[in-house]
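Fold and geometry: a report
Read off the chains here:
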Amino acid sequence: SLFRIQHFVHHVTNAKSISSKEIYSIVENRDGYYVGTWGGGILRFNKKAFHSIDGYPSGNAMKVRTMAKLDNGTIFAGTSDGLIMLKGKQLWHLMK
């Protein structure tokens, strides 16, 4: 077969599983895929496991509505608590 379909679900006992079943956006970057979820924040997926982002804010920032990537690899995420900007290992939470 040309394609392989894989279904990812949250497993309470597996910290590397996806944190939410509600996926709002996905962007590809040099180091993997960034998955924006509703209630689970942004996760990085390296084709083996999902990883949380160090320093990611809690609360309404966990509700990611949309994401976009610039040519230089910077990722912007619109959340219910302002804008998140990821560049390499750095994270900025820009609120009103």
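Everything numeric here is computed off the predicted structure, so don't read it as measured data. (Residues numbered from 1 in each chain as written. Predicted model: local features only at pLDDT ≥ 70, side-chain atom pairs only at ≥ 80, totals over all residues. Heavy atoms only, no water.)

Taken as a whole and judged by the stated rule, the model has four aromatic pairs. Arranged with centres 5.3 Å apart and planes meeting at 85°, the rings of phenylalanine 8 and phenylalanine 50 form a pair that is edge-to-face. Of this pair, phenylalanine 8 sits in the segment before strand 1 (23–29) while phenylalanine 50 sits in strand 4 (residues 50–52), placing them 42 residues apart in sequence. Here phenylalanine 8 falls in the partly exposed class, since its relative accessible area comes to 35%. A relative accessible area of 6% places phenylalanine 50 in the buried class. Each member of the aromatic cluster is reached from another via a ring pair, and the members are Phe8, Phe45 and Phe50. (Phe/Tyr/Trp six-rings, centres within 6.5 Å; stacked < 30°, edge-to-face > 60°. Helix = DSSP H or I, 4+ residues; strand = E, 2+ residues; numbered from the N terminus. Buried < 20%, exposed > 50% of the residue type's maximum accessible area, 1.4 Å probe, protein only.)

Attention now moves to the sheet that holds strand 1. Strand order in this open sheet of four strands is 1-2-3-4, and the pairing throughout is antiparallel. Each edge of the open sheet carries a strand with a single partner, namely strand 1 and strand 4. Neighbour-to-neighbour, the strand axes of the sheet open up by a mean angle of 30°, direction not taken into account. (Pairing = 2+ DSSP bridges. Axes fitted to C-alpha atoms, helices over the stretch in contact; angles between N-to-C directions.)

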